[in-house]
Amino acid sequence: MKFDVISTKKFWFALSIAMVVISLGALLFRGLNFSLEFTGGTSISWKFEEKVSVEQIRETMGKFGLGGSKSIIQPLGEPGENQVIIRTEFLETAERQKDVADGIQKDLGGERISITSVGAAWGQQVTNAAAIALMLSIAAILIYLSIRFEYKMALTAVVALAHDMVIAVGIYALVGREVSPATIAAFLTVLGYSLYDTIVVFHRILENSRNIGKQTYSQMANSSVQQVIVRSMNTSVTTLLPITAILLFGGETLKDFAFALLVGIIPATYSSVFLAAPLLATIKEQEPRFVALRRRVEAGEAGEVRQKYQRKKTAGKPEQAPGREVADLQDERPEAEGAGETGGQDQPVEPRQPWAGTRPASKKGKKRKKR
Amino acid sequence: MSSKQKHIISLAIAFIAVAVAAFLIYPIDKTAKLGLDLQGGIQIVEKAVPQNKGEVITPEKLDQAKFILEQRVNGLGVSESTVEVLQDDQFLIQIPGISDPDRAFDIIGQTALLEFAIVQPGQDATVDALIGLREQKAKVRADGKPIAMTDAEKTKLLGKTLVTGASLADANASFDTQSGAPMVNFQLKSTDAKKFGQITQANINKRLAIILDRQVISAPTIQSQITDSGQITGVGDIDEAKDIALVLDAGALPVRLVPQTNQIVGPTLGAESLRQALVAAAAGFVLVLTYFVLFYRAFGVLGWVSLGVFTMVFWGLLTAVGVTLTLPGIAGAILMIGIAADSSIIIFERIKDEMRAGKSMRTSMETGFSHGFQTFLDADLVTFVTAAVLFYFGVSTVKGFALVLMLGIMCDLFSSFVFKRSALSLLSRLRIVRKPWLIGVRGLPAKSKGEVA
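Residues numbered from 1 in each chain as written. Chains lettered and ligands numbered in written order. Predicted model: local features only at pLDDT ≥ 70, side-chain atom pairs only at ≥ 80, totals over all residues. Heavy atoms only, no water.

A. Summary view of the overall build of chain B. Along its length, chain B carries 12 helices and 11 strands. Taken against the 2.2 N^0.38 rule, which gives 22 Å for 453 residues, the C-alpha radius of gyration of chain B at 33 Å runs more than 25% over that of a compact globule. Taken over the C-alpha atoms alone, chain B extends approximately 110 × 45 × 40 Å along its principal axes. Burial statistics for chain B: of 453 residues in total, 52% are counted as buried. Here the analysis covers contacts within chain B between residues at least 6 apart in sequence; of these, 74% occur between residues at least 24 apart. Charge centroids of chain B, computed over 43 positive and 41 negative side chains, lie 12 Å from each other. (Helix = DSSP H or I, 4+ residues; strand = E, 2+ residues; numbered from the N terminus. Rg over C-alpha atoms; globule rule 2.2 N^0.38 Å. Buried < 20%, exposed > 50% of the residue type's maximum accessible area, 1.4 Å probe, protein only. Contact = heavy atoms within 4.5 Å. Lys, Arg positive; Asp, Glu negative; His and termini not counted. Charge placed at Lys NZ, Arg CZ, Asp CG, Glu CD.)

B. Region of the structure containing the layout of surface pockets. Approximately 2000 Å³ is the volume found for the second largest pocket. For the second largest pocket, the lining is made up of 48 residues, of which Glu95 of chain A together with Asp106, Gln110, Asp213 and Gln215 of chain B are closest to its centre. Contributing elements (two or more residues each) for the lining of the second largest pocket: α4 (94–108) of chain A together with α4 (101–109), α5 (124–135), α8 (238–250) and β11 (255–265) of chain B. For the lining of the second largest pocket, the leading source of residues is α4 of chain B, giving 6 residues. Residue composition of the lining of the second largest pocket, by class: 15 nonpolar, 10 polar and 23 charged. (1 Å grid on protein atoms, 1.4 Å probe; cavity = no way out; pocket = protein on both sides within 12 Å on 5 of 7 lines; lining within 4 Å. Points joined across faces, edges and corners; volume = space filled by probe spheres on them. Nonpolar A, V, L, I, M, F, W, Y, C, P; charged D, E, K, R; others polar.)

C. Spatial organisation of the interface of chain B and chain A. Chain B puts 64 residues into the contact, and the matching count from chain A is 70 residues. Across the chain B to chain A interface the summed buried area is about 5900 Å²; carbon plus sulfur atoms make up 65%. Three residues stand out in chain B for area buried against chain A, namely Asp378, Val382 and Phe393 of chain B, and they jointly supply 9% of the buried area on that side. Linking chain B to chain A there are 1 salt bridge. Among the salt bridges present, the one from Asp102 of chain B reaches Arg112 of chain A, with a minimum N-O distance of 2.9 Å. Joining chain B to chain A, the criterion identifies 9 residue pairs in polar contact (both at pLDDT 80 or more). Elements supplying a minimum of two residues to the side of chain B that touches chain A: α4, β11, α9 (267–321), α10 (327–356), α11 (361–393) and α12 (396–428) of chain B. Examining the composition of the side of chain B that touches chain A, we find that 13 residues originate from one element, α10 of chain B, more than from any other. Of the residues assigned to the side of chain B that touches chain A, the class counts are 35 nonpolar, 17 polar and 12 charged. (Buried area = accessible area lost by both parts, 1.4 Å probe. Salt bridge = Lys/Arg side-chain N within 4 Å of Asp/Glu carboxyl O. Polar contact = N/O pair within 3.5 Å; in protein donor to acceptor, adjacent residues only side chain to side chain.)

D. Representation of the packing of helix α1 (residues 9–29) of chain A against helix α9 (residues 252–284) of chain A within the structure. Residues and elements named next belong to chain A. Taken N-terminus to C-terminus, the directions of α1 and α9 make an angle of 120°; their axes are 10 Å apart at the nearest point. Looking at the two axes, α1 sits oblique to α9. In this structure, the crossing between α1 and α9 has a hand that is left-handed. For the pair α1 and α9, contact is made by Lys9, Trp12, Phe13, Leu15, Ser16 and Met19 and by Tyr270, Phe274, Leu275, Pro278, Leu279 and Thr282, respectively. Taken together, the residues of the contact of α1 with α9 break down into 9 nonpolar, 2 polar and 1 charged. (Axes fitted to C-alpha atoms, helices over the stretch in contact; angles between N-to-C directions. Parallel < 35°, antiparallel > 145°, perpendicular 65-115°, else oblique. Left-handed = near helix turned anticlockwise from the far one by under 90°.)

Here's what the structure looks like:
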């Protein structure tokens, strides 16, 4: 599968920027539809025995001072089920709630399915908690990334993360779907997932960068992406499988959750491959030694490849602790196997030794070295 | 101990864990604790606020209030009700499975202050009017004011409070033997009986007003001295009598409660949600199991067993910890199916990778795990951290989701290290397993096919 993410990066950057701009626009002009738990108010779901018109309901609600625009009435579920959801201001006391419910029962029949009431103070608490959770997650992630990888990777990962979040939220703004605490929980989970996906790619890039050999950083990054893309896709699919199951069979609440997860995972998967990797490559290529490397590669010092690489392999460097700068360009001399060509080649590097320092014992090696 | 023995022990541990889990789960399927979005019921958050301006909510008052609330909640006769204190001044009351949630809401919110006072001269008519309004269940008086008396009013109509509900030892509801009307019987504490006796003795032929939460229930004329017990008549029906007895028994709250949020889920909605959730979970399983076999062939079966081990241990842990299942919790569990499957897949892919790179199948199986686990460890850790943050800051339903994720990840790590690794290692020693097509790797160069160590 010849697949080049790095050289087509301009396209992907443009696409990403476009999606972010659209999302921001949607957020600004349409805003988000926040649920009861954030805004406060009371929501009554009612099932009627037969069809009842909105006017009739409004009239009944009017008896309690909740007529006219004070009640928002929407159908719920399938049309034949005669279920509605009535949203009003916060009905604070038990008494008031019961009165309204009894009133509807008396006038229009049916039964109450559920009722949720949220006071303004509580709604505020929920909003604050969600905001703090979000900020803390991002902080925790930043710290974790900086420890695990170098800071440029951490930065790139966070950019990808922000991109994902904005798009996910933008979709909600565009579609107008309700944002509830469950949505926030799902988004935070996706945050973790997006990060993980990016880590999978960066992990491989980091490993390969230790034996970068005769390629530019971009080429190495590109082949790293090719190596892990199958795994990345697999991971997305296994996560999407249960989500699909929920979307098909779950009830309203579960579906909301699943939708939020879906909306988050799609940009997350996209960004680790199509945004994070090219962005990282672009940034790293600015570093002086990678500039130098690029010049050398392009000048075509492919000569000594063949003989040297056999010997070099068994003298592999011991495993380095992750997070340290990739400092071993002493290995820049012919290590790449057969990558004789120069400049912009697409040939994937054979994953002969993508995991540094873990050569099997040499007795096995004997069998394989036949040329 | 050879590595083979170590792995066998490891597998044994895995199976013991599964057995323990099964044992925990199956005594009854009543070991499943369902939240109120799956069972129906009511959940209320009330904020404690001082009775009178300038007072402060002390920890003692909170404790007392919590105790009283628990009494009331228990008096409703539903098992598994809980009263929790949130953030210093709020109570979270959960009553799953109750058939009359509105009544519960009502009972919980009342201050339930019982007072006895003497109707002041010349105020009979006004007092009677108030009693009448209450009997009719009116909410406001003719002039729009609430029925409950203000402090000033009470002093004018009834003078000082002479005895309060604190003097009650006991209260219950019954029907009057003569008139058949419902009433509340109360017993006074022995220490207060004397005082009550003196008051009634001194006020014979005057009317004793019985006031609950500043509403006059009745005001009978004192015929003779009353010492240790009495009745409250004028209650609407036996249900109301029972409710009054309930709150009197528990005692008056030392604080006023302000409702913050409540949620009532009807039983049909609860049952329906549960059914749908279970179907979704089953579907999720089926999809994942199919995926395994499709892409990993015979190893897919290993994936199944692995997922089975994970599910049992996970379920067992949830039961052992006593987690209450809510819809977000189930969403988390279904997600975990995907995450657990993913750990297996990462290993299998790694094995395939190593085989394609030329290693023998046996080696790949041995080392596939040790090379691959770093990756899913990262994934699991990241998910765990975000779940932990959610748990710490979350609102109650979201907390359930986060908790399930955290426990799930722990189980995933356990089942991976204890089961998958050992199973792979032991299986790799069996020649019969070492055929590349079994895992779905095709077109390998000749040298690694049928490779014998």
